[in-house]
Each structure stands twice: as C-alpha cells, then as structure tokens.
Amino acid sequence: MPSYTVTVATGSQWFAGTDDYIYLSLVGSAGCSEKHLLDKPFYNDFERGAVDSYEVIVDEELGDIHLIKIEKRKYWLHDDWYLKYITLKTPYGDYMEFPCYRWISGEGELVLRDGRARLSRDDQICVLKQHRRKELETRQKQYRWTEWNPGFPLSIDAKCHKDLPRDIQFDSEKGVDFVLNYSKAIENLFINRFMHMFQSSWSDFADFEKIFVKISNTISEQVMNHWQEDRIFGYQFLNGCNPVLIQRCTKLPEKLPVTTEMVECSLERQLTLEQEVEQGNIFIVDFELLDGIDANKTDPCTLQFLAAPICLLYKNLANKIVPIAIQLNQVPGEENPIFLPSDAKYDWLLAKIWVRSSDFHVHQTITHLLRTHLVSEVFGIAMYRQLPAVHPVFKLLVAHVRFTIAINTKAREQLICECGLFDKAIKARGMDSTEDIPYYFYRDDGLLVWEAIKTFTADVVGIYYESDQVVVEDQELQDFVRDVYVYGMRGKKASGFPKSVKTREKLSEYLTVVIFTASAQHAAVNFGQYDWCSWIPNAPPTMRAPPPTAKGVVTIEQIVETLPDRGRSCWHLGAVWALSQFQENELFLGMYPEEHFIERPVKEAMARFRKDLAAIVSVIAERNKNKKLPYYYLSPDRIPNSVAI
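Just so it is clear, the structure is predicted and the values come from calculations on it, not from any experiment.

**Student:** Could you clarify how one ought to interpret the overall build of the chain in this entry?
**Tutor:** Within the chain, the secondary structure is distributed over 18 helices and 16 strands. For the chain, whose C-alpha radius of gyration is 28 Å, the value lies close to the compact-globule estimate of 26 Å for 645 residues. Principal-axis analysis of the C-alpha atoms places the extent of the chain at approximately 95 × 55 × 45 Å. The buried share of the chain, reckoned over its 645 residues, is 57%. For the chain, the exposed area adds up to about 28,300 Å²; of that, 51% sits on carbon and sulfur atoms.

**Student:** Please explain the pattern of salt bridges as it appears in this structure.
**Tutor:** Counting across every chain of the model gives 31 salt bridges. The salt bridge partner of Asp-286 is Lys-255, with a shortest N-O separation of 2.7 Å. Taken together, the residues Asp-286 in strand β13 (residues 282–286) and Lys-255 in the loop between β12 (247–248) and α5 (260–263) connect sequence positions 31 residues apart. On the accessibility criterion, Asp-286 (30% relative accessible area) is partly exposed. Here Lys-603 and Glu-595 are joined by a salt bridge, their closest N and O atoms 3.0 Å apart. Put simply, Arg-113, Asp-123, Arg-132 and Glu-476 are held in one network by salt bridges that share partners.

**Student:** I would appreciate a short explanation of the sheet that holds β13 in the present structure.
**Tutor:** Pairing between the strands of a sheet is mediated by backbone hydrogen bonds and can be parallel or antiparallel. Overall, antiparallel pairing links the five strands, which are arranged β12-β13-β14-β15-β16 in an open sheet. If you trace the sheet from one side to the other, it starts and ends with β12 and β16 (338–339), each paired once. Pairing analysis gives five bridges linking β13 to strand β14 (residues 310–315), with the strands arranged antiparallel. In the strand pairing of β14, Asp-286 is matched with Ile-310. Strands β13, β14 and β15 (321–327) of the sheet are contacted by helix α4 (residues 230–239), whose axis makes an angle of about 95 degrees with β15.

**Student:** Help me out: how do you make sense of helix α13 (residues 475–488) in this one?
**Tutor:** Because an α-helix packs 3.6 residues into every turn, residues spaced three or four apart end up facing the same way. For α13, spanning 14 residues, the distance from its first C-alpha to its last is 19 Å, which sits close to the expected 20 Å at 1.5 Å a residue. Taken together, the buried positions of α13 are occupied by Glu-476, Leu-477, Gln-478, Phe-480, Val-481, Asp-483, Val-484, Tyr-485 and Gly-488. Arg-490, located one to two residues past α13, shows a positive phi value of around 55 degrees.

**Student:** I keep staring at empty space enclosed by the protein and nothing clicks. Help me out?
**Tutor:** Any empty space left between atoms is shown by rolling a water-sized probe over those atoms. The calculated volume of the largest cavity comes to roughly 70 Å³. Lining the largest cavity, in full, are Gln-236, Gly-240, Cys-241, Asn-242, Arg-356, Asp-359, Phe-360, His-363, Trp-532, Cys-533 and Ala-539. When residues of the lining of the largest cavity are traced back to their parent elements, those giving at least two are α7 (345–386) and α15 (529–533). Looking at which element gives the most residues to the lining of the largest cavity, the answer is α7, with four residues. Of the residues contributing to the lining of the largest cavity, the split by class is five nonpolar, four polar and two charged. Trp-227, Gln-228, Phe-233, Leu-349, Lys-352, Ile-353, Arg-356, Pro-537 and Asn-538 together form the lining of the second largest cavity. The element best represented in the lining of the second largest cavity is α7, accounting for four residues. Broken down by class, the residue content of the lining of the second largest cavity amounts to five nonpolar, two polar and two charged.

**Student:** Would you mind going over the environment of Thr-302 with me for this structure?
**Tutor:** Position of Thr-302 among the secondary structure elements: in the loop between β13 and β14. With 35 residues separating them along the chain, Thr-302 and Pro-337 place their C-alpha atoms 26 Å apart.

**Student:** Explain the state of the cysteines here, please?
**Tutor:** Linking two cysteines covalently via their sulfur atoms produces the bond known as a disulfide. Enumeration according to the criterion identifies zero disulfides in this entry. Free of any disulfide, Cys-100 has its nearest cysteine sulfur in Cys-32, 18 Å distant. Left unpaired, Cys-126 is separated from the closest cysteine sulfur, that of Cys-32, by 14 Å.

**Student:** I tried to follow the nonpolar core on my own but got confused; where do I start?
**Tutor:** Among soluble globular proteins, nonpolar side chains are generally buried collectively. Judged by nonpolar contacts, the single largest core of 140 residues is most densely connected at Ile-246, Tyr-465 and Phe-480. Top contributing element to this core by residue count: α7, with 20 residues. If you look at the next biggest cluster of nonpolar residues, it comprises 25 residues, including Phe-46, Tyr-54, Ile-68 and Ile-70.

**Student:** What is the right way to look at the side chain of Glu-276 in this model?
**Tutor:** Secondary-structure assignment places Glu-276 in helix α6 (residues 273–278). For Glu-276, the side chain forms a polar contact with the side chain of Tyr-314, separated by 2.8 Å. Ignoring any residue separated from it by four or fewer positions in sequence, one finds Glu-276 in contact with Leu-267, Glu-268, Arg-269, Leu-271, Asn-281, Ile-282 and Tyr-314.

**Student:** Hey, could you run me through the UniProt feature "site: Essential for stabilizing binding to COTL1" (unreviewed entry) in the chain in this one?
**Tutor:** The feature "site: Essential for stabilizing binding to COTL1" (unreviewed entry), as given by UniProt, occupies Trp-103 in the numbering adopted here. Within the fold, Trp-103 resides in strand β8 (residues 95–104). With relative accessibility at 7%, the residue Trp-103 sits in the buried group.

**Student:** Teacher, can you tell me more about the packing of aromatic side chains here?
**Tutor:** Remark: the centre distance and the inter-plane angle together describe each pair of aromatic rings, the angle taken between the planes. Inspection of every chain in the model, using the stated rule, returns 27 aromatic pairs. A centroid spacing of 5.8 Å and a plane angle of 55 degrees characterise the contact between Phe-379 and Phe-497, whose relative ring orientation is tilted. Overall, the relative accessible area of 1% leaves Phe-379 in the buried class. Owing to a relative accessible area of 7%, Phe-497 belongs among the buried residues under this scheme. Geometrically, the ring pair formed by Tyr-384 and Phe-394 is edge-to-face, given 5.8 Å between the ring centres and 80 degrees between the ring planes.

**Student:** Would you mind going over the side chain of Thr-7 with me for this structure?
**Tutor:** Structurally, Thr-7 is set in strand β1 (residues 3–10). When its relative accessible area of 15% is taken as the criterion, Thr-7 is described as buried. Among the polar contacts listed, one links the side chain of Thr-7 to the side chain of Ser-53, at a separation of 3.0 Å. With near-sequence residues (within four places) excluded, Thr-7 lies in contact with Val-51, Asp-52, Ser-53, Tyr-85, Ile-86 and Thr-87.

**Student:** It is not clear to me how a nonpolar patch on the surface should be interpreted in this structure. Could you clarify?
**Tutor:** Together, Tyr-21, Leu-37, Tyr-75, Trp-76 and Leu-77 make up an exposed nonpolar region whose accessible area comes to about 610 Å². Within the element layout of this structure, Tyr-21 appears in strand β2 (residues 21–28).

Cut-off values and rules
- Residues numbered from 1 in each chain as written.
- Predicted model: local features only at pLDDT ≥ 70, side-chain atom pairs only at ≥ 80, totals over all residues.
- Heavy atoms only, no water.
- Helix = DSSP H or I, 4+ residues; strand = E, 2+ residues; numbered from the N terminus.
- Rg over C-alpha atoms; globule rule 2.2 N^0.38 Å.
- Buried < 20%, exposed > 50% of the residue type's maximum accessible area, 1.4 Å probe, protein only.
- Areas by Shrake-Rupley, 256 points an atom, 1.4 Å probe, with all protein chains shown as cover.
- Salt bridge = Lys/Arg side-chain N within 4 Å of Asp/Glu carboxyl O.
- Pairing = 2+ DSSP bridges.
- Contact = heavy atoms within 4.5 Å.
- Axes fitted to C-alpha atoms, helices over the stretch in contact; angles between N-to-C directions.
- Expected span 1.5 Å × (residues − 1).
- 1 Å grid on protein atoms, 1.4 Å probe; cavity = no way out; pocket = protein on both sides within 12 Å on 5 of 7 lines; lining within 4 Å.
- Points joined across faces, edges and corners; volume = space filled by probe spheres on them.
- Nonpolar A, V, L, I, M, F, W, Y, C, P; charged D, E, K, R; others polar.
- Disulfide = S-S within 2.5 Å.
- Core = buried A, V, L, I, M, F, W, Y, C linked by side-chain atoms within 4.5 Å.
- Polar contact = N/O pair within 3.5 Å; in protein donor to acceptor, adjacent residues only side chain to side chain.
- UniProt positions renumbered as here; feature names shortened; annotations may be inferred.
- Phe/Tyr/Trp six-rings, centres within 6.5 Å; stacked < 30°, edge-to-face > 60°.
- Patch = residues over 30% accessible without salt bridge, like charges linked within 9 Å, V, L, I, M, F, W, Y side chains within 5 Å.

Structure representation (structure tokens):
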C-alpha cells in the first residue's frame, strides 16, 4: 500500500503547541484518503517549536496530491495550535511543501494547498477552484469593513483585540498593551515621582531636565542643548519626525503679508524676498489643516489651545534651512502679527514653540496615524478579503501587514478612545534637488529604499505575470485594488489610489507603495519620536495658553506657563519612549522567515533584495560617520517589515 511521509512543524511562539487530536487526510486526483490520526506512542506530539514526522499509509493510489486536510479535535481542554507548514514525501519520491502559518482554534478544519503560487487562471481543476472560492467566502465573513470615525478610511469590524480573527492577533497581548508599555516606560525613565504633581507647572526650561533621560551621544541630547537655535528648528522639517510638510515656496501667499523689509536681516544674498523666491531659496510649511479645530476639552481643569501657523524658511549661504517669519494663525491682522528673528528673544522663541506644537499634532494624527497605520490596515483588510493564500500578491504582502490590524485595533481600543508615490511626492513639493537641498536625508535614503523595493516587486511581478493582459484579467487582483479604493479610500480620487491596475509596471508601483508605506515610511515617522520629542519644549503635546496677539510682551514665565504641566510632560515622555522601541523579535525589511513562496526564482529575487538593502545600510552608515545628528531611520536594518507599533 502507498506510504507517505508527513512532516508537521509547530510554531515557536507562546502557546503554539497543542494536546488535541490532529487528523490528516490527503486529497488527490484519483481519490481522497481516510482520516489518519497523527500520533506517536509515548510521545508528546505538536509541542511548541517541534517538527514531527509521521508515516501515513493509504489503501489505494491517490494520484497527484492537490490538498491536505487537517482536523483538530478536543482532547481535554480547548486550545489553539499554530501550524507553520507540512511537507509531504510521496511514494514516488516527490517532495511537496504546504505552507500554513496559521492558527487552528478550538475544534476546526484547515485545508492546505501546496506552496506554489497560482493565479486563478492557473487553476483548472474543480477541487482547486472550489477551495479558492471557499477560502475567500470564509475570509470575507471574518474580515468586514466598518466606519471607525466619519471621514477616516474604513477599518476592521472589531471593537477590541480579542474580537479579531485569531490569525491576525498578536502572539502575546502583553507585549503590545499600551497601558503596560506606557507603565514600563514610566518606570524605565524614572519619572514616577512627578506623576502626582499632575497639573503643576515647571519652574523654567531647566526644570524639564528633571524628567529627561540623558543617553550618551543621542540626538535627544543634542535637541535638549540646541533646541532654541534656528538651525535645529529648520533641520527638523527635513530630517525630524515629520519630514513631509516642507515645500519650496513658488509664490508668497496673500495670507502671509511678509515683506523684504521685515526679513532683510535674514536674507544673505543681497536680494529681495521676491527674488529669493524666484531663485528657489524660500520654503514654506503651512498648518492650515489645524485652522478652526477646537482644542481637546476632555479635561475641565486645564484649558488647551491650538494654532494654525504659517512658517516661512530660508536656505542660507551654508545651505541650511532656517526660519525667517512665523504667523501663528491663518488670517492676517493686528492681533496676528508676523514674528521675526529680529524680534525680542522670547517673542521669537514662543512663535517657534507654537510651530513645533502644531507640527507635533499634524505628525501624530496625519503623517503617523492616518498615512501609515490606517492606510496600511486598509491594505491588510483588502488583502485578506480578496486574495487567497495561494495568490502571489498575498504571499508577497502578508509579511508587510503582520500585526498591523492588531496594533490599530489596540490603538482604537486603548489609545485614541493621501498617500502618493514617494519620488513624485518629493518632487511635487519642490524638494527633489540634491544640489539645492543637500541635507535632506529622508529624501535621499527614502529614494534608495524605494528603488530597492520597486526592483524587488518588479522581479516578483515578472515571474507570475508574463504580460499586461494577465494583470488586467486577474480578477482577484482587481478586486483587491478596488477594495482598497472603494472602502479604504472611500472612493476619493484625491487619495491617489487607482480603481484598477492595468499593467505590470503599474502593479509593481502599486505593490511598492504598499510595502514602502508599511515599512520605510512608518519607520521614518515613528522611530525618531523619542529623539526629537522627548525634550518637551521642542515638541509640546499641548499648550495651556493661547497664542500671543502682540509683540514685546512675552516672558520666560509665560512660556513655561504655556508649556505642558508636569503630569502631561511625564505622560508624553513615556508615550514617545514606548512608541520608539522595536518589538521583541522584530522582523526587518527583507526578512521573510515564513516561507510562503517555495519557488526558486522568488527566493533568488529575495536574495537580491537583501543584497540591495545591505548596500544601502553601508551607504547610510558611511554618511553618518562622525555626524552629531546622524540620520538612520531609513537604514534598512532599522526598518521593520510592517506597522506593528
């Protein structure tokens, strides 16, 4: 009788093993086998991290094996089992791989296909077509869209983490619980002793040092020592946490009535302000988005205030970007003066602090939350709803949405009761010239990573799509793209996302956007938060007094009274610390330990991808040598594969 050797690999994460009964049956072209209990005498099968082999003898020839069925039945208590993969050696010496990387919860059944990636057109056998269709039908019931808040991209229909499908939950809730992580951060930073003084003000700037943890040779210490300097203020728009707002000013806006006479002490080329604009030396950051938004009113004991500043910046003869004019609200007038570097020291300093606070709000809500976390969740939901596990795009993207839906659900549960192509977005803001703007490392490193990802996705697309027509006819792919557009982006053309993808080049570009957003873009705007935001006056999360309406009246005491109180400063410090830490066992860009692809051409493409990324790491490391302000957020060895924190 035919004999098959079955090897079963159990995951190594917490609670991955099981004591339940595991049955296996084989579905072949000539028939289906009986169920076989996988059990070895006097042996504890399916322990965490185990790789167990079994001999399965069948009564008759099965032909070519199409599917493996796994059934899990209760032994004593219900427990979950994480199955990594199954391999099969046939009686004829053939070797087959069946990737899984999924949980089987309670009593359940899982049907696996072999690991070769297949488009729907490649499945001509009825049983495989049915398996493909049934998998998507099941997933579409599990992964449902819902509206979290009006105007936001749709999100997963789950009120809390435990409501999510088991396959996308965190392996251990404890490791990503915001409350626990925050408490750990507070303890690590030794700021517990200030928490009881929740609404009392600090005495002066030096007082903030009481909660500031000095870590040798870090950016945060440079920020603490130099945050008042105009060069550090301007540098952050290029390489801080929010390097996506600054753009070249091609025309001075009417709502900012600044003149040459106002700023001539800042202009170094003996030109008028208009001439500096024409030569491309003037830049602008406009926080118009914040105009008209009410400040948080959840705390009746402390009033909070917002501004919507406009900040004009200048590229000086040293090619440094420095501020030359700040208007704190959008409508010019006597009570909305334009603050200048030539003003009194504290007038100018408070104006810059207001800009930094506004930048913090836009960074957290738009750049970080919306444009990386929520957009990446959209990709994840659409992928699970429209792409079966056998689809090459599913296999490519699954590592890049790992834990994203879970972290966002956690955020909605505990924390918070326009995405374009990278190079085109840089160019649209007039920030693409390396000669004119030589110190924009976010742009330089981002383009290197973008090109490496683009090359990799083009390689994979080329393996499975031999022509543009195959792309057009791949209905599952088109349904995925449509789901992203219709539900995730709410059908808005302004999102920049297409309704369909019609060429191999556009598909490669689309997949690059997905991977870059989930990995590099998130790394660029997330992991520098402690570096740039831990010194509270440089990134105030709240302001307790309104913006000044006149010049010559600001004092150091007023500034300190405007900045966050002791309790909120401690909360902020703990939060940016926790958000800036990598996860345990983090998977970085190019790392694919779950082998969803088994084909040699894809594995070779992955190897080339890792080689390209390693070269970028070397370039960035060389550039950063001896820099007081190194830029490393887009070094591939510091870019996690997915949004998971």
